Amino acid sequence: MISARHWVDTLISYSASKAPLPFPCPQCKRSFRKEQSLQNHLKRHQRAKPPKPFACDQCGKTFRIERSLENHLLRHEKWKQMFQCQLCDKTCRTSVQLRCHMAVHSEERPFSCATCGKEFKSKDTLRFHQIVHSKSKKYKCGMCEETFKYAHSLTVHKRKHTGITPFTCAVCNRSYRTGTALKRHSVVHTGEKPFTCHICGARFSLNNNLKRHLRIHTGEKPFACQECGKSFSDNTKLKSHIHAGEKPFVCDVCGKRFFHAGSLKQHELETWYNSQNEHVIY
């Protein structure tokens, strides 16, 4: 007499020897010989799962009933209270993240750069800084040949090609490629002058303006003409510097030369205006 155990072993052996069916269900372990059978089976999964219209705006998880969402949101509030910084409004997902954040409020900088000696509050900040000393520029622009050390630098650079300026002034709607540029612009509206000359007390809205001013006191002239060697305290003065008899600005249409870019621009406008009038029939 054949035992039940024998039949079980026989069935297992038979199942193992069968070739897998070509259309497996991605949601369960069943497989099918025909694609249409799989499609019919998938409809059952869809019918079995009613829609979940209530989504959490903090993590994206969805729920079938609003009450479940409300209970879920309470859990978010709970961990926010558990891992909230006592010195600011920052909340962290874990106690480890909170400990790392607390370094922001401390004056200690236990992590130092082996190359330049600069000190940092966290390992991550140090690691990010060390890229400065590296010669590697692994981020390459797909629109030109420029390469960058940082992914963020590439992102900002691409905005030159695309014209995207996502940072907009709330007062005048002027927009900028970076948040830093927007901050520099904002002082135009506030009248704030946070940068003070420690020698004469003059105040400036931009740090670059203060640096330019300090050269009056120090006599520093870091911008030198490549042709005559004359130095200037300001790059703008270097650009406006021309040698006697030189006319560096040339019209692409007629070849006429000018001392200043403004004169060339005026000439181009007049040339264009005259060319338009030539076609006017009186």
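The preceding data block contains the structure.
Cut-offs and rules
- All residue numbers here refer to positions counted from 1 along the written sequence of the relevant chain.
- Residues qualify for local features only when their pLDDT is at least 70, as the model is predicted, and side-chain atom pairs are given and counted only at 80 or more; totals for whole chains, interfaces and linings, by contrast, use all residues.
- Note: side-chain values were computed over all heavy atoms of the structure, leaving out hydrogens and water.
- For this analysis, a salt bridge means a side-chain nitrogen from Lys or Arg found within 4 Å of a carboxyl oxygen belonging to Asp or Glu.
- Accessible area is worked out with a 1.4 Å probe on protein chains only. A residue is then buried under 20% of its type maximum, exposed over 50%, and partly exposed in between.
- Helix and strand assignments follow DSSP, with helices taken as H or I runs no shorter than four residues and strands as E runs no shorter than two, numbered in order from the N terminus.
- Working definition: rings of Phe, Tyr and Trp (its six-membered ring) pair if their centres are within 6.5 Å, and the pair is stacked with planes under 30 degrees apart, edge-to-face with planes over 60 apart, and tilted otherwise.
- When checking whether two residues touch, look at their non-hydrogen atoms; a contact exists if any pair is within 4.5 Å.

Novice: Can you lay out the pattern of salt bridges for me, pointing to particular residues and giving the numbers?
Specialist: Side chains that carry opposite charge are capable of pairing whenever their charged atoms lie near each other. For the structure shown, the criterion picks out four salt bridges. With its nearest N and O atoms 3.6 Å apart, the salt bridge here joins glutamate 145 to lysine 140. With relative accessibility at 45%, the residue lysine 140 sits in the partly exposed group. Among the salt bridges present, the one from arginine 212 reaches aspartate 234, with a minimum N-O distance of 3.2 Å. Of this pair, arginine 212 sits in helix H8 (residues 207-218) while aspartate 234 is found in the loop between strand S14 (231-232) and helix H9 (235-240), placing the two residues 22 residues apart along the sequence.

Novice: Help me get a handle on the environment of histidine 260, residues and values and all.
Specialist: The topology assignment puts histidine 260 in the loop between strand S16 (257-258) and helix H10 (261-277). Separated by 13 residues in sequence, histidine 260 and lysine 247 have C-alpha atoms that sit 7.5 Å apart.

Novice: Could you give an account of the packing of aromatic side chains, with specific residues and numbers?
Specialist: By the definition in use, this model includes one aromatic pair. Relative to tyrosine 150, the ring of phenylalanine 128 lies with its centre 4.7 Å away and its plane at 35 degrees, an arrangement referred to as tilted. Placement of the pair is phenylalanine 128 in helix H5 (residues 123-130) and tyrosine 150 in the loop between strand S8 (147-148) and helix H6 (151-162), with a sequence separation of 22 residues. Of the residues examined, phenylalanine 128 reaches a relative accessible area of 51% and is grouped as exposed.

Novice: Before we move on, could you go through the side chain of histidine 213 and cite the residues and values that matter?
Specialist: By secondary structure assignment, the location of histidine 213 is in helix H8. Residue histidine 213 is classed as buried on the basis of its relative accessible area of 13%. Not counting the four nearest positions on each side in its chain, histidine 213 is found in contact with Cys197, Cys200, Ala202 and Phe204.

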